[in-house]
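Commentary on secondary and tertiary structure
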Number of protein chains: 2
Amino acid sequence: MSLLVTGSIGIDTVETPFGKRDDVIGGSAIYFSYASSFFTPVRLVGVVGEDCPKPLLNVFEGRDVDTSGLEIRKGSKTFRWHGSYVKDMNDAETVEVDLNVLAERAPKIPENFLDSRYVFLANTHPSLQREMLCCLKSPRLIIADTMNLWIQTTRDELCKLLGMIHGLVLNDGEARLLTGKKHLIEAARDVLKMGPKFVVIKKGEHGCMLCTVNDTFVLPAFPAERVVDPTGAGDSFAGGMMGYLATQGGSISPATIKRALAFGTVVASYTISDFSLGGLKATSRDQIDERWLQFKQAMTF
Amino acid sequence: MSLLVTGSIGIDTVETPFGKRDDVIGGSAIYFSYASSFFTPVRLVGVVGEDCPKPLLNVFEGRDVDTSGLEIRKGSKTFRWHGSYVKDMNDAETVEVDLNVLAERAPKIPENFLDSRYVFLANTHPSLQREMLCCLKSPRLIIADTMNLWIQTTRDELCKLLGMIHGLVLNDGEARLLTGKKHLIEAARDVLKMGPKFVVIKKGEHGCMLCTVNDTFVLPAFPAERVVDPTGAGDSFAGGMMGYLATQGGSISPATIKRALAFGTVVASYTISDFSLGGLKATSRDQIDERWLQFKQAMTF
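The following paragraphs examine the structure supplied in this document. (Residues numbered from 1 in each chain as written. Chains lettered and ligands numbered in written order. Predicted model: local features only at pLDDT ≥ 70, side-chain atom pairs only at ≥ 80, totals over all residues. Heavy atoms only, no water.)

**Some remarks on the overall build of chain A**
Formally: Segments assigned H or I by DSSP are reported as helices when at least four residues long, segments assigned E as strands when at least two residues long, and all are numbered from the N terminus. Each radius of gyration reported is based on C-alpha atoms, and the globular scaling rule is 2.2 Å times the count of residues to the power 0.38. Residue burial is assigned from relative accessible area. The probe radius is 1.4 Å, only protein chains are included, and a residue is buried under 20% of its type maximum, exposed over 50%, and partly exposed in between. For this analysis, residues touch if any pair of their heavy atoms sits within 4.5 Å. All accessible-area figures derive from a Shrake-Rupley calculation using a 1.4 Å probe, and residue coverage is judged against the displayed protein chains alone. Neither His nor the chain termini are counted; the positive set is Lys and Arg, and the negative set is Asp and Glu. In plain terms, the charge of a residue is placed at NZ if it is Lys, CZ if Arg, CG if Asp and CD if Glu.
Within chain A one finds 11 helices and 13 strands. For chain A, whose C-alpha radius of gyration is 18 Å, the value lies close to the compact-globule estimate of 19 Å for 301 residues. With respect to the principal axes defined by its C-alpha atoms, chain A has extents near 50 × 40 × 35 Å. In chain A, which comprises 301 residues, the share counted as buried stands at 56%. For chain A, the share of sequence-separated contacts (at least 6 apart) that also reach a separation of at least 24 residues comes to 64%. Surface accessibility of chain A: about 12,100 Å² in total, with carbon and sulfur atoms responsible for 49%. Averaging the coordinates of the 33 positive side-chain charges in chain A and doing the same for the 35 negative ones gives two points 6 Å apart.

Following this line, the structure appears as C-alpha cells:
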C-alpha cells in the first residue's frame, strides 16, 4: 500500500566523535522515505532550493520511492543544518541552521498522490501538516511527528492537528513539554486525550514506548555495537514502523504496532551505524528481517 | 539454596513529590534481603548502632530471613541517610549522610553462614567485600555491587575484588566511570576484561543491560503507573534477580540470567510504588509471578 510522506529535505553538515561530513543529504522526509522503502512503495513530497546539488537527490535511485512530489524551487535555497554530537552522542548541538525554503510555502501534493491511504506527516508547522491532510481523499492511517518549537509557539494549531490523526510520534522531552507531565505514561495518557488513538514516545538510546488507552508497551533500543552518527534515527524509526504498518492491511492491532515498533528499532540501528544514509544504503530487507528476528528472540525470556 | 547478603542497614529520611517519611528502615542489605526472600531463604549480615529502634529491625518478621548475622553494636550509631527526589525522581539528592557504624569494622559472618553457596556483596568498601569472601568455604555464585566512591578512591582494591566474583551489578554512570567508556556496551566489555563473567548495568527508569562475552541483552523497566519513592529500586532489583538465581541450581546460562533480570525488574516495580519497604510488604510471590508473566507477554512481539 502506498505510503505518503511529507517533511524536510536538507543539506547537513554533521560532526561526531567519528569524524565530520560536509554537505550530505539529510532531513526528516529523506530518512523516513529511505527507511520505509524497505517495506512498501513510498511517495515523497518535499521541497529544496535550486542550489541543491543533483547527485544529492539521486539518493533514491533503484528504490521504490516516487519523487514526483519533490519540488526544486527556483530562486530558493535548500534547508541546511549543521549539527555536532561531539560533546554528547544523545543530544545534537545545532551549530547553525538555515530554514531557507522551509520557511516558505509548502510544496504541492501531486494529484496522483491524493489517494494515498497511509500518511506520515514528518515534523513541520502544524498548519502545513493540516493543510496536507485536508487534500487527501481517504487516508486510512495518519501518523504525525512534531517538535518543541511547535509545542511552544503554535500550540492551538498543533492541538487541532492532534484531533485529525491516528498516531503521534514524538520524543520524551517533547511529550513532557506538550503535557506538563514528567512521568512518561502520564504524559502519553494526556496526549491520547488530545485525539490520537496511540502515541509512540521515542527515548533515543533507551528505546521507545507505545501507549494506547488500554496498553503500554516498552521496547529497548537494539543494542548497537557502534554508533557513528545518530542523525535521522528517529525518522528512520518512524519510517521502519510505518513502512511495516502499510503492508499489514486489516485493522491495526496493538500487536501489529508492537511488531512495527521492533522493525522501526531495527531500521534505526542501521541508520546510526554510519554517517547520513550510509548505514541504510549498506543494508537490505533480508538483513533487516534477520536482525528483527534476532531482536525478537533476544527479547524473549 | 541459601543466599548470603552483606551490605548497609540504615535509617532513612526520604522526600519525594509524594511526601516525606522520617526515620524509616533502609539500606542496601535491607532492600536486597526483603526482595530476595520472595524466592529463597536469606542470610543477612550487617551492623547497626544501639540507637536503632527495635521496631525497625522487626521488618523481616514472618519472612525467611535469618538475621542472626545482624550485629547491634554497643556505643555505635546507625548509618543514616536523608535523600530528596523532589527535584528529580531519577536522581536522589543527598541532603545529609552519616556513615556512623558503617565507617567502623565490618560485622562478622556467623559460623553457620560460612557454607553459603550464593553470595551478594552489596555496596561497601571493596576491601571489606574481599574480606567477606575469603571466609566463605565454597561459594558457587558471587555477585557484587559497587559505587562511584570506591571507583574513585579505592580502584586497586576494587580491581582485586573484580577478579574474585562472577557477576558485577552497577549503574550506567558507574560503569562509565570505571572504564572511561561512554558507550555502555563498550564499558560492559571492559568490565568483563577485569574478571567478572557477566555484568549487569542498571539504567534506572530505562531498565537494565546484561553483558557476557558472547551476549548482550537489554530489558526495559516495567512500565510503572506510579513511582512514589525510587529508594532501594536497584537493591530490590538485585535481590529479585539473585533470589531467583539461587533457586535455579545447575549451570547458570544466559537464558536463566535473562529470566532472573525480569524477576528483578518486576520486584523493583513493587518497591518504587510506595515509601521504604511499603511496596514490597504489600505484595506476594504470587503477585510477582503474575506480573512477571504479564511482563514476559508484553515483551513478546
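**Observations concerning the pairing of strand 3 (residues 19-26) of chain B**
All names here are of chain B. Rules: When DSSP finds two or more bridges between two strands, those strands count as paired.
Of the strand pairs in this sheet, strand 2 (residues 10-16) and strand 3 are connected by six bridges, and their pairing is antiparallel. Residue pairing for strand 3: Val14 is matched across the bridge by Arg21. The loop that links strand 2 with its antiparallel partner strand 3 comprises two residues.

**Examining the pattern of salt bridges**
Working definition: two side chains of opposite charge can pair if their charged atoms are close together. Rules: Any carboxyl oxygen of Asp or Glu that lies within 4 Å of a side-chain nitrogen of Lys or Arg is treated as forming a salt bridge with it.
Overall, the coordinates contain 28 salt bridges over all chains when judged by the stated rule. The partner of A:Arg73 in a salt bridge is A:Glu104, and the shortest N-O contact between them spans 3.2 Å. Separated by 31 residues along the polypeptide, A:Arg73 in strand 5 (residues 65-73) and A:Glu104 in the loop between strand 7 (93-98) and strand 8 (118-121) bring together distant segments of the chain. Overall, the relative accessible area of 4% leaves A:Arg73 in the buried class. Accessibility expressed as a relative area gives 32% for A:Glu104, which makes it partly exposed. Here B:Glu157 makes a salt bridge to B:Arg130, at a shortest N to O gap of 2.9 Å. Here B:Arg130 lies in helix 3 (residues 126-135) and B:Glu157 lies in helix 5 (residues 155-162), a separation of 27 residues in the sequence. Owing to a relative accessible area of 23%, B:Glu157 belongs among the partly exposed residues under this scheme. The exposure class assigned to B:Arg130 is partly exposed, which follows from its relative accessible area of 22%. Connected through salt bridges with shared partners, the residues A:Glu71, A:Arg73, A:Glu104 and A:Arg105 form a single ionic network.

**Describing the sheet that holds strand 5 (residues 65-73) of chain B**
Residues and elements named next belong to chain B. Under the convention used in this document: Axes here refer to lines fitted to C-alpha atoms; in helices the fit is confined to the stretch in contact. Angles between the N-to-C directions go from 0 to 180 degrees.
Taking strand neighbours across the sheet as the criterion, the nine strands line up as 5-4-1-8-9-10-11-12-13 in an open arrangement whose pairing is mixed. Lying at the two open borders of the sheet, with one neighbouring strand each, are strand 5 and strand 13 (216-219). Each strand of the sheet is rotated relative to its neighbour by a mean of 15 degrees, with strand direction disregarded. Where strand 1 (residues 3-6) meets strand 4 (residues 42-49), four bridges bridge the pair, whose relative direction is parallel. Opposite Leu3, over in strand 4, you have Val42 as the bridge partner. Contacts between helix 7 (residues 184-193) and the sheet are confined to strand 10 (167-171), strand 11 (198-202), strand 12 (208-211) and strand 13, with strand 11 contributing the most and set at about 140 degrees to the helix.

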